[in-house]
Structures are given as structure tokens and as C-alpha cells.
Amino acid sequence: MKTTAQTTSRPARPQRRARSVLPLLYGPLLLAGCSGGSPSALNPAGTGAARVSGLWWLLFWVSVAVFAEVMALLAWALVFRRGAARVRHGQPLRFVTIAGAGLPFIILVAVYGVGLRDLAALGAGPGRDALTVEVTGHKWWWEVRYAGTSGATANEIHIPVGERVRVRLRTDDVLHSFWVPQLMPKTDLIAGETRETWLEARRDGSYRGQCAEYCGTQHAHMAFLVVAEPRADFDAWLARLDAPARAPRTEAERRGQLTFVQGTCAACHTVRGTAAQGRVGPDLSDVGSRWSIGAGAVPNDAGHLGGWIANSQTVKPGNGMPPQPVDAPRLPDLIAYLRSLE
């Protein structure tokens, strides 16, 4: 019996040691998850995100101060609990009243006031003359239009640096949530309603956004990019968006355009200035310059574009585009044409 007890108890020690070591790994793992190029609300590049970041740091340092105070009081109690120190009558009540009720009340009221101030600032929209962007959420991509223009793009929003831009949000199907962590907090898209938020970038650059409300199979591949650029560059980009798409310049591009217009692509997609006027899928008039294919699913290059055309279900299962019956000899021409649309 002793032998049995010893053999069964020995393996338990390594298991206990492993369990004791695991919590030590949590910190590095969490820090590793915060590294890389992932956008963070604590790295703000816009006025709205700066409000959120400031409030977060305020709450963090208040929490640190409270924790330090509690640990100091605990250490004091452990050190002096066996000593001969005597507390005069009335001291405990005064201490509890001040440290346990008065100070927390002041801290909570101050934090609440700062939160109300930031909430009011975030709710204050841009002026009447501000640029307006209309964004519609689909499963699983973003349609982007600009008020006063006829063109449209997808999964990419251009804004001028240093200007507050109004964003009107709608959903074409289920609930979505519009979030650009480095620029603005989340805004939910609710069916049958038009929600409104705003974006303002303090410096030029590209800022990744994401649907922050689970919306189905490809929720993770419903990303978009906000491109903040100087006003002159933005005006030039907006003029191109409102103009016909770039005309083919090579024989391969002309053959590709013919394949696009006469095939099944034109039934769902639009290319401005051509007979392709489909409204089911994204407008492809500037698809060659976009940052990705499939709202962040794969990079926008010739190889991935060809795979997407042939059978997008192998790239992004569940999306609304069926496999396309494009003959192999015509596929390179179609790719060349779409890549030329910038």
C-alpha cells in the first residue's frame, strides 16, 4: 500500500509546479498580444480617441493610487497589529469617514465629471458645412459614398487632415459596429436607423477600422481603412472618385474590360463610365488602388485577385460572390484591367 501511495503522489508535484508557473506566463502573453501593428485606442491620432485615451489613463492612475493605498494600510495593519500601539477613542470612526467615504466620494465625483465632459465633447458633431461621408455596412464589407458626388468606393474612407468629418452610418442587413480605435469610439449600426458620428485625424496616415459587433461568419474580415491626407490630395482623390473610371490603355486591358462588361461581373458591380452598373457588390471603379481584397481578407495583388475572381469562397467563405465562369485564357486580361482601375 505504501508503494502505491508513493507512486501515485509523485507525479502530482510536477503538475502543481506547472500550474504555479502558468500564471507567470500570462503577463508576457498579454503584452505580446498588444505588440505589432494592431491599432490601439491608447495610441490616439484623432481628437475623439484622445478623449477616450485620456479618460482611460485617468482611471488607470486612480486605480493604481487606490491599490497602493490599500496595500499600505494592509502592511501597516500587519506590522502594528501585535504592537502596543493604542488608538484613541474616536480615531477609527474619523479615519473610516475620511478615508473610506469622503475621499472615494470626491474621486468618484471628479471622475464622473470628467466622463460627462468627454461624453459631451464626443457627442458634439461637426458644423453644417462639414464634409459628409455615408457608410453602409453589408455582410461583409463597407460601402462608402460622399455627399454631393455620384461615385462610390468600398472598405476605404479618405478624409482631409485636421478637419472634422461627419459620418452617417446605415446597415443593409444585420447589426454592425463602426470603430476606428485611433480616431473615434464605436458607433453601432442599427437596422432601420441612420446613426451619426465624426472622424478627425490630427496627422496624416492610414488608420485601420473594424466591425466591432459580431455579424456572422466573416465578421473578422470586415475591416476598412481610413486614409487621412492633406486637403489638396484629398480634393484630387475626391475628383477622381466622381469621374469616369480610367480607360484601358493596352490591348490586354481592353480585352479585360470587354470580359468584365459582357460577363457576369457587370450584373453585380459598377465601373463608372462603362455599361457595368450593378449595385449588388462593391463599386470597382478604383479597385486597383485599394489596400486589400475582401475587406481585409487578402492583399490586393494579381495572384490574390485572380483567386478571388475564380472562386472567392475559398478565400472568404460565405461571402455573397459565387465562383465566376471566366475562361483561363481571359483571366489574365481581366486581372490586368481591374488592376489598372486606380
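Up top is the structure these notes are about.
In this text the structure is predicted, and so the values were computed from the model without any measurement.

**Q** Is there a simple way to think about the sheet that holds strand 8 (residues 195-199) in this case?
**A** For sheets, the rule is that strands pair by backbone hydrogen bonds, running either parallel or antiparallel. Taken in spatial order, the five strands make up an open sheet running 3-2-1-5-8, and their pairing is mixed. Edge strands, defined here as strands with exactly one partner in the open sheet, are strand 3 (152-154) and strand 8. Averaged over all pairs of adjacent strands, the angle between strand axes in this sheet comes to 25 degrees, irrespective of strand direction. Sheet contacts for helix 5 (residues 231-241): strand 2 (141-146) and strand 3; angle to strand 2, the most-contacted strand, approximately 100 degrees.

**Q** So what exactly am I meant to see when it comes to the environment of glycine 192 here?
**A** Mapped onto the secondary structure, glycine 192 falls in the loop between strand 7 (184-189) and strand 8. With a relative accessible area of 85%, glycine 192 lands in the exposed category. Considered as a pair, glycine 192 and aspartate 173 are 19 residues apart in the sequence and their alpha carbons are 9.5 Å apart.

**Q** It is not clear to me how the packing of aromatic side chains should be interpreted in this structure. Could you clarify?
**A** This structure, assessed with the given rule, holds eleven aromatic pairs. Between tryptophan 56 and tryptophan 57 the ring centres are 4.8 Å apart and the planes differ by 90 degrees, which places this aromatic pair in the edge-to-face class. Considering the side-chain rings of tyrosine 146 and tryptophan 237, the 5.5 Å spacing of their centres and the 70 degrees angle between planes classify their relative orientation as edge-to-face. Of the two residues, tyrosine 146 sits in strand 2 while tryptophan 237 sits in helix 5, which places them 91 residues apart along the sequence. A relative accessible area of 8% places tryptophan 237 in the buried class. Put simply, the rings of Trp56, Trp57, Phe60 and Trp61 pair up and form one aromatic cluster. Lying over the aromatic face of tryptophan 198, arginine 164 brings its terminal NZ or CZ to 3.7 Å of the ring centre.

**Q** Would you mind showing me how to read the pattern of salt bridges here?
**A** Side chains that differ in charge, positive against negative, can pair when their charged atoms come close. Applying the stated criterion across every chain yields a total of 13 salt bridges. The partner of arginine 231 in a salt bridge is glutamate 163, with the nearest N and O atoms 2.7 Å apart. On the criterion of sequence distance, the pair formed by arginine 231 in helix 5 and glutamate 163 in the loop between strand 4 (156-160) and strand 5 (165-171) is long-range, its members being 68 residues apart. Classification of glutamate 163 by relative accessible area gives partly exposed; the value is 30%. In this structure, arginine 254 engages glutamate 251 in a salt bridge whose closest nitrogen and oxygen atoms are separated by 3.2 Å. Taken together, the positions of arginine 254 and glutamate 251, both in helix 6 (residues 251-262) and three residues apart, correspond to about one turn of that helix.

**Q** Any chance you could explain the nonpolar core here in plain terms?
**A** Proteins that are soluble and globular tend to have nonpolar side chains buried together. One finds Tyr146, Ile157, Phe178, Leu199 and Val226 to be the most contacted residues of the largest nonpolar core, which totals 33 residues. The dominant element in this core, judged by the number of residues it contributes, is helix 5, at four residues. If you look at the next biggest cluster of nonpolar residues, it comprises 20 residues, including Ala276, Leu305, Leu331 and Ile335.

**Q** I keep staring at a nonpolar patch on the surface and nothing clicks. Help me out?
**A** Where nonpolar side chains cluster on the molecular surface, the patch consists of Val66, Phe67, Val70, Met71, Leu74, Leu78, Ile98, Leu103, Phe105, Ile106, Ile107 and Val109 and spans about 1100 Å² of accessible area. Of all elements in the fold, only helix 3 (47-80) and helix 4 (91-123) reach the threshold of two or more residues within the nonpolar patch. Within the secondary structure, isoleucine 107 is located in helix 4. Among the residues examined, isoleucine 107 registers a relative accessible area of 33% and is labelled partly exposed.

**Q** Is there a simple way to think about the side chain of asparagine 319 in this case?
**A** Looking at the secondary structure, you find asparagine 319 in the loop between helix 7 (302-311) and helix 8 (331-340). For asparagine 319, a relative accessible area of 11% corresponds to the buried category. A polar side-chain atom of asparagine 319 sits 2.8 Å from the main-chain amide nitrogen of methionine 321. Apart from residues lying up to four places away in sequence, asparagine 319 is in contact with Trp140, Trp308, Ser312 and Gln313.

**Q** Can you help me understand the layout of surface pockets in this one?
**A** The probe, sized like a water molecule, is rolled over the atoms to show the empty space still left. Computed from the structure, the largest pocket encloses a volume of approximately 680 Å³. The wall of the largest pocket is formed by 33 residues, among which His269, Gly281, Pro282, Trp308 and Met321 lie closest to the centre. Those elements giving two or more residues to the lining of the largest pocket turn out to be strand 11 (292-293), helix 7 and helix 8. No other element matches helix 7, which puts three residues into the lining of the largest pocket. The residue inventory of the lining of the largest pocket, partitioned by class, reads 20 nonpolar, ten polar and three charged.

Rules used throughout
- Residues numbered from 1 in each chain as written.
- Predicted model: local features only at pLDDT ≥ 70, side-chain atom pairs only at ≥ 80, totals over all residues.
- Heavy atoms only, no water.
- Pairing = 2+ DSSP bridges.
- Helix = DSSP H or I, 4+ residues; strand = E, 2+ residues; numbered from the N terminus.
- Axes fitted to C-alpha atoms, helices over the stretch in contact; angles between N-to-C directions.
- Contact = heavy atoms within 4.5 Å.
- Buried < 20%, exposed > 50% of the residue type's maximum accessible area, 1.4 Å probe, protein only.
- Phe/Tyr/Trp six-rings, centres within 6.5 Å; stacked < 30°, edge-to-face > 60°.
- Lys NZ or Arg CZ within 6 Å of the ring centre and 35° of its normal.
- Salt bridge = Lys/Arg side-chain N within 4 Å of Asp/Glu carboxyl O.
- Core = buried A, V, L, I, M, F, W, Y, C linked by side-chain atoms within 4.5 Å.
- Patch = residues over 30% accessible without salt bridge, like charges linked within 9 Å, V, L, I, M, F, W, Y side chains within 5 Å.
- Areas by Shrake-Rupley, 256 points an atom, 1.4 Å probe, with all protein chains shown as cover.
- Polar contact = N/O pair within 3.5 Å; in protein donor to acceptor, adjacent residues only side chain to side chain.
- 1 Å grid on protein atoms, 1.4 Å probe; cavity = no way out; pocket = protein on both sides within 12 Å on 5 of 7 lines; lining within 4 Å.
- Points joined across faces, edges and corners; volume = space filled by probe spheres on them.
- Nonpolar A, V, L, I, M, F, W, Y, C, P; charged D, E, K, R; others polar.

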